[in-house]
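Structural description and commentary
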Amino acid sequence: MAVLSYLKAIKGSCHNLCTISKDVTYKELKNLLSSKNIVLIDVREKWEILEYGKIPGSINIPLHEVSEALQMDSRDFKEKYHEVKPSKSDSLVFSCLAGVRSKEALDTARSLGFNSAKHYAGGWKEWVTYEFLEKKQGN
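Being a predicted model, the structure only gives us computed values, none of them experimental. (Residues numbered from 1 in each chain as written. Predicted model: local features only at pLDDT ≥ 70, side-chain atom pairs only at ≥ 80, totals over all residues. Heavy atoms only, no water.)

A closer look at a nonpolar patch on the surface
- A cluster of nonpolar side chains, namely Tyr130, Phe132 and Leu133, defines an oily patch on the protein surface of about 300 Å² accessible area.
- Examined against the element boundaries, Tyr130 turns out to sit in helix 7 (residues 123-137).
- Tyr130 sits in the partly exposed class, given a relative accessible area of 37%. (Patch = residues over 30% accessible without salt bridge, like charges linked within 9 Å, V, L, I, M, F, W, Y side chains within 5 Å. Areas by Shrake-Rupley, 256 points an atom, 1.4 Å probe, with all protein chains shown as cover. Salt bridge = Lys/Arg side-chain N within 4 Å of Asp/Glu carboxyl O. Helix = DSSP H or I, 4+ residues; strand = E, 2+ residues; numbered from the N terminus. Buried < 20%, exposed > 50% of the residue type's maximum accessible area, 1.4 Å probe, protein only.)

Structure below.
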């Protein structure tokens with residue numbers, strides 16, 4: 001319990017210097033997407049997106065391209081990914097199938113100075129499950 005209190009205390013005081021990773025939940029991701037206050041990057045391979053689909057509004061940058069993409073010139077990024085390159089101050093969230101690759105992408109982004117980056121640990125698997133349940137319940 002003392003550790004939890006300590007983490008809560010330092011979380012607000014160290015801003016960009018902290019490396020405490022925060023996972024984004026399904027509900028948080030839905031809210032961020034609806035507020036348009038997020039850059040969601042899906043790090044699965046292109047074939048996975050084509051075969052299974054993607055979270056609406058996400059940009060597909062396969063994991064092996066993340067480091068290079070985040071260091072690209074803005075014009076080159078726009079040409080390759082058809083989106084505006086995120087800045088280091090943008091709210092970035094990484095997703096994948098089940099949270100493994102997105103955590104790796106998060107670590108890469110943080111090492112490049114994207115200190116507010118997070119990841120959606122539930123990934124596509126969780127997203128599809130919740131979306132199906134919401135539609136089934138008529139929400």
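Overview of the pairing of strand 1 (residues 39-42)
- The two faces of strand 1 match: Val39 and Ile41 on one face and Leu40 and Asp42 on the other face are all buried.
- Bridge count for strand 1 against strand 3 (residues 92-95) is 4 bridges, and the pairing is parallel. In the sheet register, Val39 faces strand 3, and the bridge partner there is Leu92.
- The pairing of strand 1 with strand 2 (residues 59-60) spans 2 bridges and is classified as parallel. Within the sheet, the bridge partner assigned to Ile41 lies in strand 2 and is Ile59.
- With respect to chirality, the unit in which strand 1 leads through helix 3 (residues 46-52) into the neighbouring parallel strand 2 is right-handed. (Pairing = 2+ DSSP bridges. Right-handed = clockwise from strand over helix to strand, strands pointing away.)

Comments concerning the pattern of salt bridges
- Evaluation of the coordinates by the stated rule reveals 8 salt bridges.
- The shortest N-O distance in the salt bridge between Lys27 and Glu134 comes to 3.4 Å. Within this pair, whereas Lys27 is found in helix 2 (residues 26-35), its partner Glu134 is found in helix 7, the two being separated by 107 residues in sequence.
- Exposure remark for Lys27: the relative accessible area of 52% places this residue in the exposed category.
- For the salt bridge of Lys30 with Glu131, the shortest nitrogen-to-oxygen distance reads 2.9 Å. One end of the pair, Lys30, is in helix 2; the other, Glu131, is in helix 7, and 101 residues separate them in sequence.
- Sharing partners across several salt bridges, the network here consists of Lys27, Lys30, Glu131, Glu134 and Lys135.

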